[in-house]
Amino acid sequence: MNPNSFLHALLDINCIRFGKFTLKNGSISPIYLDMRNLISYPSLMEDLAALMMPHISENIDRICGVPYAALPMATVVSMKTQIPLLIKRKEAKSHGTKKIIEGEYKTGDRILLVEDVITSGASLIETIDELEKEGLIIEQIITLVDREQGGSSLLSSKSYALKSLFTISDIINTLFKENKINEALFDELVAYLKQSPTPEIKTPKRKLPAQHAHPTAQKLLDIAHSKRSNLIASVDLTTCAEVLNFLRKTGPFICAAKIHVDILVDFTTDFLRELKQIAIENNFLLIEDRKFADIGNTQLLQLSQGIYSIASWADMVTIHLIAGEAALKAIKDWETDRKPALIPIIEMSSAGALTDKNYVENCTKFLYNYPDVVGTVCQKFEPEKGLLKFTPGVNLATKSDNKGQQYNSPEFAISTLHSDFLIIGRGLYEAANPEIEIEKYLAAVRECEIF
Ligand code: 5BU
């Protein structure tokens, strides 16, 4: 069945009705869409599945239906494609397993969510949140009808891929062209759509905070505001001279330099002296991206001992939480004169990173209890309680490096991921003229009105 014939059928079986209807939000509408009646017509259910199937991505692991209207639709699509079905309950069971999802799945499964009618998208976002909390990845959403009342913009603002078989405008135009509705009704419907236009999604602009409880984080914020730069240069160069030269050029425009001190082939303690000097002269902080990931005792040794004596010069260090809460507790209990602020890694930018929803959720169980923690390195995760968000994998010129790194633009990192600080490596240090290239990054972040 072609899409137009399917629309006629929806009209015939009263899934599309014209008249005067009071909607859930109290407004009066001349058109009413109620897809629940479709289940009384098994052959139309099959036609619907056939219309949806060409749009289904190849990598879907599970199809999920949301009760009630979309559930049978998802079921038919599941049977036709042989992709297993999940049901997302309306309420969690109050007894026994307290499950919210029925059916077999595993963390990281990619989901096709089937919906009947999408209006503002608010309830769909709630469903998505619940599925994501279970570690599922919403790969795709297919809806039968988009009422064009903000739902698609809301979902795309959150980077979800939505396919609508029909928009409400498609329905009205097709039915008019095919003489299923008369001119007077058509004019009334067009006027209705005009006077209730798609509400614009106003995502508040991301502003860099002004205050932080931790003195080092406060210093970073002060520098960022005064330079109007939230750029952290990741200087992954391998000789001391290259690192220092790069920072002499770009120092005035960054709020911190992040280094991997252990990749320097000619490291000497003189390097640290010069590095600190350039940092002071150009007013930026130093981050050692050591990614501590050991038991508490070893971490303290790695921080304070060895040729790099990281705690003696780094203002901030990165740390994995794979060892659990003990990792942070050992540093909290460590009595020392100079303790770098901590930036735990909650999510990684590399393709296939194991930092999934479950991992992130486990981290948040203790993340906020440690005053040395000033922020997190993450991608989608949005830290709360004043923690700053640091995002690597930012590049203006490319989307990947063929070694697993995945890049976003500065605009996406700030406006969509809501990052406070952008970590940029090769995008800057591999540029022929880093001091010119950095101006492009500065222009991009300032355009986002983050300051
Ligand atoms: P790039 O050249 O912009 O890809 O460098 C990114 C830097 O950020 C590099 O030093 C990585 O070690 C670091 N990084 C990252 O890219 N992704 C992550 O998830 C984490 C750190 Br954690």
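### Focus: the layout of surface pockets
Empty space among the atoms becomes apparent when a probe as large as a water molecule is rolled across them.
Right, on to step 1. Space inside the second largest pocket adds up to approximately 1100 Å³.
Right, on to step 2. Among the elements that take part in the lining of the second largest pocket, helix α4 (residues 122-133) stands out by supplying six residues, more than any other.
Right, on to step 3. Across the lining of the second largest pocket, the residue classes break down as 13 nonpolar, eight polar and eleven charged.

### A few points about the site of the ligand
Right, on to step 1. The environment of the ligand is made up of 16 residues, and the closest members are Asp236, Ser349, Gln405, Tyr407 and Arg426.
Right, on to step 2. A distance of 2.7 Å separates an oxygen atom of the ligand from a polar side-chain atom of Asp236.
Right, on to step 3. In this structure, an oxygen atom belonging to the ligand sits 3.0 Å away from a main-chain N or O atom of Gly425.
Right, on to step 4. Burial of the ligand by the surrounding chains reaches 91%, relative to a free accessible area of 490 Å².
Right, on to step 5. Across the shell around the ligand, the residue classes break down as six nonpolar, five polar and five charged.

### Focus: the environment of Gln149
Right, on to step 1. Here Gln149 is to be found in the loop between β7 (137-146) and α5 (151-157).
Right, on to step 2. Classification of Gln149 by relative accessible area gives buried; the value is 15%.
Right, on to step 3. The spatial distance from the C-alpha of Gln149 to the C-alpha of Ile168 is 9.5 Å, given a sequence separation of 19 residues.
Right, on to step 4. Here Arg147 takes part through its side chain, which lies 3.2 Å from a polar atom of the side chain of Gln149.

### Quick look at the sheet that holds strand β8 (residues 162-167)
Right, on to step 1. Read from one edge of the open sheet, six strands run β5-β4-β3-β6-β7-β8, paired in mixed fashion. Looking at the sheet topology across the chains shown, the edges are occupied by β5 (101-102) and β8.
Right, on to step 2. Relative to strand β4 (residues 85-88), strand β3 (residues 62-65) is paired through three bridges, and the arrangement is parallel. Opposite Ile63, over in β4, you have Leu85 as the bridge partner.
Right, on to step 3. Helix α3 (residues 70-81) contacts β3, β4, β6 (110-118) and β7 of the sheet and is inclined by roughly 160° relative to β3.

### Here we look at the nonpolar core
Right, on to step 1. In terms of nonpolar packing, the biggest core is built from 82 residues, with Leu247, Phe271, Phe390 and Phe421 touching the most fellow members.
Right, on to step 2. Contacts of Leu247, omitting those with residues within four sequence positions, involve Val235, Ile254, Ala257, Leu275, Ile278 and Phe284.

### Quick look at helix α6 (residues 168-177)
Right, on to step 1. Along α6, the positions that sit buried rather than exposed are Ile168, Ile171, Ile172, Thr174 and Leu175.
Right, on to step 2. Along its buried surface, α6 packs onto α1 (3-12), β1 (16-22), β2 (28-33), β7, β8 and α7 (183-195).
Right, on to step 3. Positive backbone phi, at 60°, marks Asn179, one or two positions downstream of α6.

### Regarding the packing of aromatic side chains
Right, on to step 1. Enumeration according to the criterion identifies six aromatic pairs in this entry.
Right, on to step 2. Residues Phe6 and Phe166 carry aromatic rings whose centres are separated by 6.4 Å and whose planes lie at 5° to one another, so their mutual orientation is stacked. Of this pair, Phe6 sits in helix α1 while Phe166 sits in strand β8; the two residues are 160 residues apart in sequence, bridging distant segments of the chain. For the pair Phe6 and Phe166, a shared accessibility class is recorded, and that class is buried.
Right, on to step 3. Between Phe176 and Phe186, the aromatic rings sit 4.0 Å apart at their centres with planes inclined by 15°, giving stacked as the arrangement. Of the two residues, Phe176 sits in helix α6 while Phe186 sits in helix α7, which places them ten residues apart along the sequence.
Right, on to step 4. Residue Phe186 is classed as buried on the basis of its relative accessible area, which comes to 14%.

### Observations regarding the domain arrangement of the protein chain
Right, on to step 1. Entries for the protein chain in the domain assignment read domain 1 (3-195) and domain 2 (215-447).
Right, on to step 2. For domain 1 and domain 2, the distance between their C-alpha centres works out to 42 Å.
Right, on to step 3. With six residues of domain 1 in contact, the opposing surface of domain 2 contributes six residues.
Right, on to step 4. The contact between domain 1 and domain 2 buries some 520 Å² in all, and 46% of this surface belongs to carbon and sulfur atoms.
Right, on to step 5. If you sort the residues of domain 1 by the area they bury against domain 2, Thr107, Glu132 and Ser159 come out on top, with a joint share of 59%.
Right, on to step 6. At the boundary of domain 1 with domain 2, the tally comes to one salt bridge.

### Observations concerning the packing of α6 against α7
Between two packed helices, both the angle of their axes relative to each other and the distance between the axes serve to describe the pair.
Right, on to step 1. Where α6 contacts α7, the axes come no closer than 10 Å and their chain directions differ by 165°. One finds that α6 runs roughly antiparallel with respect to α7. Once α6 is placed against α7, the crossing between them reads as left-handed. Contact residues: Ile168, Ser169, Ile172, Asn173 and Phe176 in α6; Glu183, Phe186, Leu189 and Leu193 in α7.
Right, on to step 2. Taken together, the residues of the contact of α6 with α7 sort by class into six nonpolar, two polar and one charged.

### Observations regarding the pairing of strand β16 (residues 421-424)
Right, on to step 1. The side-chain alternation of β16 yields two buried faces, one formed by Phe421 and Ile423 and the other by Leu422 and Ile424.
Right, on to step 2. Strand direction decides the pairing type here: strand β9 (residues 231-234) and β16, joined by three bridges, are parallel. Residue pairing across strands places Leu231 opposite Leu422, the latter belonging to β16.
Right, on to step 3. Here strand β15 (residues 388-391) pairs with β16 via two bridges, running parallel. By the bridge assignment, Thr391 is partnered in β16 with Leu422.
Right, on to step 4. In terms of handedness, the path from β15 via helix α14 (residues 410-416) over to β16 forms a crossover that is right-handed.

### As for the pattern of salt bridges
Right, on to step 1. For the structure shown, the criterion picks out 16 salt bridges.
Right, on to step 2. As a salt-bridge pair, Asp270 and Arg273 come within 3.6 Å of each other at their nearest N and O atoms. With a gap of three residues between them, Asp270 and Arg273 both fall in helix α10 (residues 269-282), about one helical turn apart.
Right, on to step 3. For Arg273, a relative accessible area of 53% puts it in the exposed group.
Right, on to step 4. When salt bridges with common partners are traced through the structure, they connect Arg89, Lys99 and Glu102 into a single cluster.

Parameters and conventions
Residues numbered from 1 in each chain as written. Predicted model: local features only at pLDDT ≥ 70, side-chain atom pairs only at ≥ 80, totals over all residues. Heavy atoms only, no water. 1 Å grid on protein atoms, 1.4 Å probe; cavity = no way out; pocket = protein on both sides within 12 Å on 5 of 7 lines; lining within 4 Å. Points joined across faces, edges and corners; volume = space filled by probe spheres on them. Helix = DSSP H or I, 4+ residues; strand = E, 2+ residues; numbered from the N terminus. Nonpolar A, V, L, I, M, F, W, Y, C, P; charged D, E, K, R; others polar. Near = heavy atom within 4 Å. Polar contact = N/O pair within 3.5 Å; in protein donor to acceptor, adjacent residues only side chain to side chain. Areas by Shrake-Rupley, 256 points an atom, 1.4 Å probe, with all protein chains shown as cover. Buried < 20%, exposed > 50% of the residue type's maximum accessible area, 1.4 Å probe, protein only. Pairing = 2+ DSSP bridges. Contact = heavy atoms within 4.5 Å. Axes fitted to C-alpha atoms, helices over the stretch in contact; angles between N-to-C directions. Core = buried A, V, L, I, M, F, W, Y, C linked by side-chain atoms within 4.5 Å. Phe/Tyr/Trp six-rings, centres within 6.5 Å; stacked < 30°, edge-to-face > 60°. Domains from an automatic or database assignment. Buried area = accessible area lost by both parts, 1.4 Å probe. Salt bridge = Lys/Arg side-chain N within 4 Å of Asp/Glu carboxyl O. Parallel < 35°, antiparallel > 145°, perpendicular 65-115°, else oblique. Left-handed = near helix turned anticlockwise from the far one by under 90°. Right-handed = clockwise from strand over helix to strand, strands pointing away.

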